[in-house]
Amino acid sequence: MTAPTLRPRQRAVFVSDVHLGSKNCHAAELADFLDGLDTRRLYLVGDIVDLWWMAQRRAAWGHGQHRVVECLHALVRAGTEIIYVPGNHDRPIRRFCGLMLPYMQVRRRAIHQLADGRRLLVAHGDDYDAVTHFGNFQEHLGDWLYDQILAGNRMTNSARRRLGLRYWSLADFLKRRSGAAERYIARFVNAGLADARRRGLDGIVCGHIHRADLREVDGLVYANDGDWVESLTALAEDAEGGLCLLGHDGAVLKRLEPRRPPLRLAYAA
Ligand SMILES: [Mn+2]
(Lines give C-alpha, C1' and ligand atoms only; values in the text may rest on other atoms or scores of the structure.)
Protein backbone atom coordinates (compact mmCIF):
# COMPACT_ATOMS: atom_id res chain seq x y z
CA MET A 1 0.00 0.00 0.00
CA THR A 2 1.34 3.46 -0.77
CA ALA A 3 1.14 6.20 1.82
CA PRO A 4 -0.72 9.35 0.77
CA THR A 5 1.88 11.94 -0.15
CA LEU A 6 -0.03 15.00 1.00
CA ARG A 7 -1.11 14.88 4.61
CA PRO A 8 -2.73 17.77 6.44
CA ARG A 9 -0.48 19.58 8.88
CA GLN A 10 -0.95 18.20 12.38
CA ARG A 11 -0.47 20.06 15.64
CA ALA A 12 0.96 16.98 17.29
CA VAL A 13 1.65 13.33 16.52
CA PHE A 14 2.21 10.68 19.19
CA VAL A 15 4.11 7.45 18.53
CA SER A 16 5.18 4.80 21.04
CA ASP A 17 6.30 1.19 21.46
CA VAL A 18 8.42 1.17 18.31
CA HIS A 19 10.92 -1.33 19.82
CA LEU A 20 13.68 -0.31 17.37
CA GLY A 21 16.50 -2.83 17.50
CA SER A 22 14.20 -5.78 18.19
CA LYS A 23 13.16 -8.25 15.55
CA ASN A 24 9.50 -7.40 16.11
CA CYS A 25 9.69 -3.74 15.03
CA HIS A 26 8.00 -2.81 11.75
CA ALA A 27 10.63 -0.16 10.99
CA ALA A 28 9.96 0.14 7.24
CA GLU A 29 6.27 0.91 7.83
CA LEU A 30 7.17 3.48 10.52
CA ALA A 31 9.70 5.14 8.19
CA ASP A 32 7.00 5.36 5.47
CA PHE A 33 4.63 6.90 8.04
CA LEU A 34 7.19 9.47 9.28
CA ASP A 35 8.31 10.32 5.75
CA GLY A 36 6.32 13.33 4.65
CA LEU A 37 4.65 13.79 8.04
CA ASP A 38 3.97 17.47 8.69
CA THR A 39 3.61 18.19 12.39
CA ARG A 40 4.57 20.92 14.83
CA ARG A 41 5.34 18.44 17.58
CA LEU A 42 6.23 14.77 17.68
CA TYR A 43 5.90 12.97 21.00
CA LEU A 44 7.88 9.74 21.32
CA VAL A 45 5.91 8.09 24.11
CA GLY A 46 8.34 5.40 25.26
CA ASP A 47 9.80 2.04 24.23
CA ILE A 48 11.17 3.71 21.10
CA VAL A 49 14.48 1.86 21.21
CA ASP A 50 14.38 -1.64 22.71
CA LEU A 51 17.49 -1.57 24.90
CA TRP A 52 16.43 -4.80 26.70
CA TRP A 53 16.42 -6.68 23.44
CA MET A 54 19.72 -5.22 22.27
CA ALA A 55 21.40 -6.00 25.62
CA GLN A 56 20.32 -9.65 25.48
CA ARG A 57 20.11 -10.54 21.82
CA ARG A 58 21.52 -9.51 18.49
CA ALA A 59 20.23 -6.08 17.59
CA ALA A 60 18.06 -6.09 14.49
CA TRP A 61 19.30 -2.95 12.74
CA GLY A 62 19.01 -2.62 9.00
CA HIS A 63 17.80 -0.35 6.25
CA GLY A 64 14.35 0.28 7.82
CA GLN A 65 15.87 1.27 11.17
CA HIS A 66 18.30 3.67 9.45
CA ARG A 67 15.41 5.21 7.54
CA VAL A 68 13.49 5.81 10.81
CA VAL A 69 16.46 7.74 12.22
CA GLU A 70 16.83 9.68 8.94
CA CYS A 71 13.13 10.57 8.95
CA LEU A 72 13.40 11.87 12.53
CA HIS A 73 16.34 14.06 11.44
CA ALA A 74 14.32 15.32 8.47
CA LEU A 75 11.41 16.24 10.79
CA VAL A 76 13.77 18.17 13.08
CA ARG A 77 15.20 20.00 10.05
CA ALA A 78 11.63 20.87 9.02
CA GLY A 79 11.14 22.50 12.44
CA THR A 80 9.30 19.73 14.31
CA GLU A 81 9.82 19.80 18.06
CA ILE A 82 10.45 16.31 19.45
CA ILE A 83 9.48 15.39 23.01
CA TYR A 84 10.89 12.05 24.11
CA VAL A 85 9.22 10.39 27.12
CA PRO A 86 11.22 7.16 27.69
CA GLY A 87 9.40 3.96 28.69
CA ASN A 88 10.52 0.74 30.36
CA HIS A 89 12.36 -0.77 27.38
CA ASP A 90 14.38 2.44 27.01
CA ARG A 91 14.44 3.19 30.75
CA PRO A 92 18.20 4.09 30.83
CA ILE A 93 17.34 7.16 28.72
CA ARG A 94 15.34 8.44 31.74
CA ARG A 95 18.73 9.52 33.11
CA PHE A 96 18.49 12.33 30.57
CA CYS A 97 15.05 13.54 31.71
CA GLY A 98 15.16 17.32 31.88
CA LEU A 99 17.61 17.50 28.99
CA MET A 100 16.63 20.29 26.61
CA LEU A 101 18.23 20.31 23.18
CA PRO A 102 17.23 22.91 20.58
CA TYR A 103 14.71 20.55 18.94
CA MET A 104 14.36 17.77 21.47
CA GLN A 105 13.44 17.47 25.11
CA VAL A 106 13.65 14.32 27.21
CA ARG A 107 10.87 14.27 29.80
CA ARG A 108 9.65 11.78 32.40
CA ARG A 109 6.10 12.82 31.46
CA ALA A 110 4.64 15.81 29.65
CA ILE A 111 1.44 17.81 29.48
CA HIS A 112 0.11 18.49 26.02
CA GLN A 113 -2.44 21.26 25.52
CA LEU A 114 -4.87 20.63 22.69
CA ALA A 115 -5.98 23.44 20.37
CA ASP A 116 -9.37 23.47 22.15
CA GLY A 117 -7.68 24.11 25.51
CA ARG A 118 -7.91 20.62 27.02
CA ARG A 119 -4.74 19.43 28.70
CA LEU A 120 -3.60 15.82 28.40
CA LEU A 121 -1.03 13.89 30.42
CA VAL A 122 1.55 12.22 28.16
CA ALA A 123 3.08 9.19 29.87
CA HIS A 124 4.37 5.83 28.61
CA GLY A 125 2.23 3.89 31.10
CA ASP A 126 4.61 1.45 32.82
CA ASP A 127 4.10 3.45 36.05
CA TYR A 128 0.65 1.85 36.25
CA ASP A 129 2.10 -1.69 36.33
CA ALA A 130 2.26 -1.41 40.13
CA VAL A 131 -1.44 -0.55 40.28
CA THR A 132 -2.36 -3.32 37.86
CA HIS A 133 -0.28 -5.83 39.92
CA PHE A 134 2.03 -6.38 37.02
CA GLY A 135 5.37 -6.24 38.85
CA ASN A 136 8.95 -6.36 37.63
CA PHE A 137 9.21 -10.17 37.59
CA GLN A 138 5.92 -10.52 35.75
CA GLU A 139 7.05 -7.70 33.46
CA HIS A 140 10.05 -9.78 32.34
CA LEU A 141 8.06 -13.02 32.21
CA GLY A 142 5.34 -11.22 30.28
CA ASP A 143 7.91 -9.91 27.83
CA TRP A 144 9.42 -13.34 27.31
CA LEU A 145 5.98 -14.86 26.69
CA TYR A 146 5.11 -11.98 24.38
CA ASP A 147 8.30 -12.61 22.37
CA GLN A 148 7.34 -16.27 22.00
CA ILE A 149 3.88 -15.28 20.79
CA LEU A 150 5.36 -12.79 18.32
CA ALA A 151 7.72 -15.47 17.02
CA GLY A 152 4.60 -17.61 16.47
CA ASN A 153 3.06 -14.59 14.79
CA ARG A 154 5.95 -14.30 12.34
CA MET A 155 5.74 -17.99 11.43
CA THR A 156 1.94 -17.91 11.03
CA ASN A 157 2.13 -14.85 8.83
CA SER A 158 4.96 -16.04 6.59
CA ALA A 159 2.80 -19.14 5.99
CA ARG A 160 -0.24 -16.91 5.37
CA ARG A 161 1.78 -14.76 2.96
CA ARG A 162 2.77 -17.85 0.99
CA LEU A 163 -0.93 -18.73 0.78
CA GLY A 164 -1.75 -15.16 -0.29
CA LEU A 165 -3.67 -14.34 2.92
CA ARG A 166 -3.58 -10.96 4.66
CA TYR A 167 -1.68 -10.14 7.87
CA TRP A 168 -3.34 -11.43 11.00
CA SER A 169 -2.19 -10.78 14.58
CA LEU A 170 -1.97 -13.93 16.67
CA ALA A 171 -0.98 -11.88 19.73
CA ASP A 172 -4.05 -9.65 19.38
CA PHE A 173 -6.27 -12.68 18.86
CA LEU A 174 -4.91 -14.28 22.06
CA LYS A 175 -5.23 -11.03 24.03
CA ARG A 176 -8.85 -10.61 22.96
CA ARG A 177 -9.64 -14.24 23.85
CA SER A 178 -8.07 -13.99 27.28
CA GLY A 179 -10.29 -12.64 30.06
CA ALA A 180 -7.23 -11.99 32.26
CA ALA A 181 -5.66 -9.79 29.56
CA GLU A 182 -8.90 -7.84 29.17
CA ARG A 183 -9.10 -7.30 32.95
CA TYR A 184 -5.46 -6.15 33.00
CA ILE A 185 -6.17 -3.68 30.19
CA ALA A 186 -9.26 -2.34 32.01
CA ARG A 187 -7.21 -1.78 35.19
CA PHE A 188 -4.50 -0.05 33.14
CA VAL A 189 -7.02 2.32 31.53
CA ASN A 190 -8.54 3.16 34.93
CA ALA A 191 -5.13 3.76 36.52
CA GLY A 192 -4.09 6.10 33.70
CA LEU A 193 -7.34 8.06 33.84
CA ALA A 194 -7.15 8.30 37.65
CA ASP A 195 -3.62 9.72 37.35
CA ALA A 196 -4.79 12.34 34.83
CA ARG A 197 -7.78 13.23 37.05
CA ARG A 198 -5.55 13.55 40.15
CA ARG A 199 -3.39 16.03 38.25
CA GLY A 200 -6.44 18.05 37.24
CA LEU A 201 -6.00 17.18 33.56
CA ASP A 202 -8.52 16.28 30.87
CA GLY A 203 -7.16 12.89 29.90
CA ILE A 204 -4.14 10.81 29.04
CA VAL A 205 -2.08 9.82 26.01
CA CYS A 206 -0.10 6.64 26.64
CA GLY A 207 1.18 3.42 25.07
CA HIS A 208 2.84 0.44 26.78
CA ILE A 209 0.08 -2.19 26.48
CA HIS A 210 0.19 -2.43 22.67
CA ARG A 211 -3.53 -1.86 22.32
CA ALA A 212 -4.46 1.25 20.36
CA ASP A 213 -7.57 3.02 21.59
CA LEU A 214 -9.23 6.42 21.48
CA ARG A 215 -12.35 7.20 23.47
CA GLU A 216 -13.91 9.34 26.15
CA VAL A 217 -14.47 7.80 29.59
CA ASP A 218 -16.44 9.83 32.16
CA GLY A 219 -15.57 13.05 30.35
CA LEU A 220 -11.84 12.26 30.15
CA VAL A 221 -9.87 11.37 27.02
CA TYR A 222 -8.24 7.95 26.92
CA ALA A 223 -5.85 7.80 23.98
CA ASN A 224 -3.46 4.90 23.48
CA ASP A 225 -1.32 5.44 20.39
CA GLY A 226 -0.74 1.67 19.98
CA ASP A 227 2.60 0.31 18.78
CA TRP A 228 4.78 -0.55 15.75
CA VAL A 229 5.00 -4.23 16.59
CA GLU A 230 1.42 -5.35 16.00
CA SER A 231 -1.10 -2.57 15.44
CA LEU A 232 1.16 -0.09 13.54
CA THR A 233 -0.75 2.99 14.67
CA ALA A 234 -0.15 6.57 15.79
CA LEU A 235 -2.24 9.33 17.34
CA ALA A 236 -2.56 12.75 15.73
CA GLU A 237 -4.09 16.07 16.73
CA ASP A 238 -5.47 18.31 13.97
CA ALA A 239 -5.53 22.11 13.91
CA GLU A 240 -8.84 22.31 15.84
CA GLY A 241 -7.92 19.90 18.63
CA GLY A 242 -9.62 16.83 17.15
CA LEU A 243 -7.80 13.56 17.77
CA CYS A 244 -7.35 10.73 15.28
CA LEU A 245 -5.98 7.26 15.59
CA LEU A 246 -4.08 6.67 12.35
CA GLY A 247 -3.03 3.44 10.66
CA HIS A 248 0.48 3.23 9.18
CA ASP A 249 -0.93 4.12 5.75
CA GLY A 250 -2.52 7.28 7.16
CA ALA A 251 -6.06 5.82 7.31
CA VAL A 252 -8.22 7.30 10.10
CA LEU A 253 -9.21 4.38 12.36
CA LYS A 254 -10.95 6.38 15.10
CA ARG A 255 -11.72 10.02 15.71
CA LEU A 256 -12.62 12.21 18.71
CA GLU A 257 -14.07 15.61 17.90
CA PRO A 258 -12.62 18.72 19.58
CA ARG A 259 -14.50 20.15 22.52
CA ARG A 260 -16.89 22.81 21.35
CA PRO A 261 -16.16 26.32 22.64
CA PRO A 262 -18.58 27.38 25.41
CA LEU A 263 -21.55 29.43 24.23
CA ARG A 264 -20.79 33.10 24.48
CA LEU A 265 -23.64 35.42 25.28
CA ALA A 266 -23.88 38.34 22.93
CA TYR A 267 -24.68 41.54 24.76
CA ALA A 268 -26.51 44.28 22.97
CA ALA A 269 -24.57 47.51 22.97
MN1 LIG B 1 6.44 -0.43 27.68
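Refer to the structure above for everything that follows.
Sequence order as written defines the numbering, with residues in each chain counted from 1. In keeping with the model being predicted, local features are shown solely for residues with a pLDDT of at least 70 and side-chain atom pairs are shown and tallied solely at 80 or more, while totals for entire chains, interfaces and linings include all residues.

**Student:** What's the story with the overall build of the chain in this structure? I'm lost.
**Tutor:** Helix and strand content of the chain: six helices and twelve strands. With C-beta atoms placed from the backbone, a residue counts as buried when 20 or more other C-beta atoms lie within 10 Å of its own, as exposed when 12 or fewer do, and as partly exposed for counts between those limits. For the chain, buried positions account for 36% of its 269 residues. In the chain, the share of contacts with a sequence separation of at least 24, taken over all contacts with a separation of at least 6, comes to 67%. Counting from the N terminus, the helices are DSSP H or I runs at least four residues long and the strands are E runs at least two residues long. Contacts here follow a simple rule: the backbone-placed C-beta atoms of the two residues must lie within 7 Å.

**Student:** Help me understand the packing of helix H1 (residues 27–34) against helix H3 (residues 63–77) in this model?
**Tutor:** When two helices pack together, you describe them by how their axes are tilted relative to each other and by the distance separating the axes. Helix axes use the C-alpha atoms of the stretch in contact, all axes being lines fitted to C-alpha atoms, and the angles between their N-to-C directions lie in the range 0 to 180 degrees. Two elements in contact, H1 and H3, have axes whose closest approach is 8 Å; the angle formed by their N-to-C orientations is 20 degrees. Judged by the inter-axis angle, H1 sits roughly parallel to H3. Considering the relative orientation of H1 and H3, their crossing is left-handed. Along its contact with H1, which presents Ala-27, Ala-28, Leu-30, Ala-31 and Leu-34, the element H3 presents Gly-64, Gln-65, Arg-67, Val-68, Cys-71, Leu-72 and Leu-75. When grouped by side-chain class, the residues that make up the contact of H1 with H3 number nine nonpolar, two polar and one charged. Relative orientations are named as follows: roughly parallel for angles under 35 degrees, roughly antiparallel for angles over 145 degrees, roughly perpendicular for angles from 65 to 115 degrees, and oblique for any other angle. Crossing chirality is assigned from the near helix's rotation relative to the far helix, an anticlockwise turn below a right angle marking it left-handed and a clockwise turn marking it right-handed. In the scheme used here, Gly and all other residues not listed as nonpolar or charged are polar, with Ala, Val, Leu, Ile, Met, Phe, Trp, Tyr, Cys and Pro taken as nonpolar and Asp, Glu, Lys and Arg as charged.

**Student:** Mind showing me how you'd approach unusual backbone geometry here?
**Tutor:** Phi is mostly negative for residues that are not glycine, and the peptide bonds are mostly trans. Positive phi, close to 50 degrees, is recorded for Asp-17, a residue that is not glycine. The phi angle at Leu-232 is positive, at roughly 55 degrees, despite the residue not being glycine. Along the chain, Leu-232 turns up in the loop between strand E9 (220–224) and strand E10 (233–237). For Leu-232, a count of 19 C-beta atoms within 10 Å gives the class partly exposed.

**Student:** Quick question: what am I supposed to make of the sheet that holds strand E7 (residues 203–206) here?
**Tutor:** Strands belonging to one sheet form pairs held by backbone hydrogen bonds; the direction of such a pair is parallel or antiparallel. When DSSP finds at least two bridges between two strands, those strands are taken to pair. Reading across from one edge, E5-E6-E7-E9-E8 is the order of the five strands in this open sheet, with mixed pairing throughout. On the outer flanks of this sheet lie strand E5 (110–113) and strand E8 (213–217), each paired with one strand and no other. The mean angle between the axes of side-by-side strands here comes to 20 degrees, regardless of whether they run parallel or antiparallel. Pairing between strand E6 (residues 119–122) and E7: two bridges, direction parallel. Paired with Val-122 across the bridge in E7 is Val-205.

**Student:** In this structure, what is going on with the sheet that holds strand E2 (residues 39–44)? I would like to understand it.
**Tutor:** On the basis of which strands lie adjacent, the open sheet formed by seven strands has the order E4-E3-E2-E1-E10-E11-E12 and mixed pairing. Looking at strand neighbours, the two that pair on one side only are strand E4 (104–106) and strand E12 (252–256), the edges of this open sheet. Adjacent strand axes in the sheet meet at a mean angle of 20 degrees, parallel and antiparallel pairs treated alike. Bridge count for strand E1 (residues 10–15) against E2 is five bridges, and the pairing is parallel. When the sheet's bridge partners are listed, Gln-10 is paired in E2 with Thr-39.

**Student:** Please explain the pairing of strand E3 (residues 81–84) as it appears in this structure.
**Tutor:** As a general feature of sheets, a regular strand has side chains that alternate between the two faces. Sheet analysis places E2 next to E3, joined by four bridges and oriented parallel. What sits directly across from Arg-41, in E3, is Glu-81. In this sheet, E4 lies alongside E3 in parallel orientation, the contact comprising three bridges. Bridge pairing links Ile-82 to Met-104 in E4.

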